[in-house]
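Take a look at the letters that make up each chain.
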Amino acid sequence: MRSTLSSRDPGSSGAGTTPATGEPARATAAHRQRWAVDTMAVAPDDQVLEIGCGRGAAVFMVASRLTTGRIVAIDRAATMVRLATQRNLSHISAGRAEIRCAGFESVDLPASRFTTIFAVNVSLFWLGDATQQIARMRSLLAPGGRLHVFGERPTAAHATANLTATQLLLESHGFATTTSSATRGQRRVLTCVTGTPIR
């Protein structure tokens, strides 16, 4: 299934776009992460996995919405993990977040655990052969869980190409997909392909 939803500038004010109180200043400017977290509509009890967490802005936003839920975030770069950990110390201490320095291919994660898996601007979805990674993501999703692949592109043409390629990739691995997009400023286009495994 394919559908396309368009939304307004994620940098504008409105419901669902106000950062959590106490969130670091850099995170308040992370428009694509904020749009991603809003698009996923994270629930308080969700079990979330982020692939490629960078400086941890999305981790902070997701964890701020969790009560009994938890986010596990991974990144290959030790520097990014250190920065993400510093940003999210309160959530880590509260048990809402865990940040690991690891590649997705090798990290030890429980099967059928996550209600939400997401990645923002992670190249494995549109560069090279991602067959093994996509198959593993399916195995990590809990029944009814969803995979969200977010991207940001400089033009509408690039965004359309990215959406199409990601949809085809997920559908070829047994996901039903929907898409959404938003324009940031005058040029940047934010995109999301959401995949639900067809069981």
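Residues numbered from 1 in each chain as written. Predicted model: local features only at pLDDT ≥ 70, side-chain atom pairs only at ≥ 80, totals over all residues. Heavy atoms only, no water.

1. So, the overall build of the protein
So the rule is basically this: Put simply, DSSP marks the helices as runs of H or I at least four residues long and the strands as runs of E at least two long, and each gets a number from the N terminus on. Residue exposure (1.4 Å probe, protein chains only): buried if accessible area is under 20% of the type maximum, exposed if over 50%, otherwise partly exposed. Note on definitions: a residue-residue contact is assigned when non-hydrogen atoms from the two residues lie within 4.5 Å. For every accessible area listed, the method is Shrake-Rupley and the probe measures 1.4 Å; residues are considered covered only by the protein chains on display.
Within the protein, the regular secondary structure consists of seven helices and eight strands. For the protein, the residues scored as buried account for 47% of the 199 residues in total. Of the contacts made within the protein by residues no fewer than 6 positions apart, 71% connect residues no fewer than 24 positions apart. Accessible surface for the protein amounts to roughly 9,200 Å². Of this, 53% is attributable to carbon and sulfur atoms.

2. Quick notes on helix H6 (residues 131-140)
Basically, it comes down to this: Comment: arc refers to directions from the helix axis out to C-beta atoms.
Within H6, the full set of buried residues consists of Gln133, Ile134, Met137 and Leu140. Buried residues in H6, looked at end-on, bunch into an arc of 120°, giving them a common side. The inward-facing, buried residues of H6 abut strand E2 (47-51), strand E5 (114-120), strand E6 (141-153), helix H7 (156-172) and strand E7 (175-184).

3. Some thoughts on unusual backbone geometry
Trans is the prevailing form of peptide bonds, just as negative phi is the prevailing case for residues other than glycine. The phi angle at Ala41 is positive, at roughly 50°, despite the residue not being glycine. Along the chain, the position of Ala41 falls in the loop between helix H2 (31-40) and E2. Despite not being glycine, Ser112 shows a phi value in the positive range, around 55°. Following the sequence through the fold, Ser112 ends up in the loop between strand E4 (97-101) and E5.

4. Considerations on the pattern of salt bridges
Spelled out, the test is: We define a salt bridge as a contact between a side-chain nitrogen of Lys or Arg and a carboxyl oxygen of Asp or Glu at a distance within 4 Å.
Applying the stated criterion to the full structure yields six salt bridges. The closest approach of N and O atoms between Glu98 and Arg100, which form a salt bridge, is 2.8 Å. A residue is classified by how much of its surface remains accessible, and Arg100, at 24% relative accessible area, is partly exposed. Several salt bridges converge on common partners, so that one network encompasses Arg32, Glu152 and Arg188.

5. Some details on the confidence of the model for the protein
Where we set the bar: How sure the predictor is of each residue is captured by pLDDT, a score from 0 to 100.
Averaged over all residues, the pLDDT of the protein is 84; the fraction at 70 or higher stands at 82%. The low-confidence segment residues 1-29 (pLDDT under 50) makes 59 contacts with residues lying over four places distant or belonging to another chain.

6. A short note on the side chain of Asn88
Summarising the element assignment, Asn88 is placed in the loop between helix H4 (78-87) and helix H5 (89-93). Sequence-distant contacts of Asn88, defined by excluding residues within four places in its chain, comprise Gly56, Val59, Phe60 and Ile99.

7. What about the packing of aromatic side chains?
Note the threshold: Note on ring pairs: Phe, Tyr and Trp rings are taken, using the six-membered ring of Trp, and paired if centres are within 6.5 Å. Classes follow the plane angle, with under 30 degrees stacked, over 60 edge-to-face and the rest tilted. We call a charge positioned above a ring when the Lys NZ or Arg CZ atom is no farther than 6 Å from the ring centre and deviates by at most 35 degrees from the ring normal.
For the coordinates displayed, the defined rule picks out one aromatic pair. Summarising the aromatic geometry, the rings of Trp35 and Phe150 are spaced 5.8 Å apart at their centres and angled 80° between planes, so their arrangement reads as edge-to-face. Here Trp35 is found in helix H2, whereas its partner Phe150 is found in strand E6, with 115 residues between them in sequence. The exposure class of Trp35 is buried, given its relative accessible area of 8%. Here the guanidinium or amino end of Arg136 rests over the ring plane of Phe104, the centre of that ring lying 5.2 Å away.

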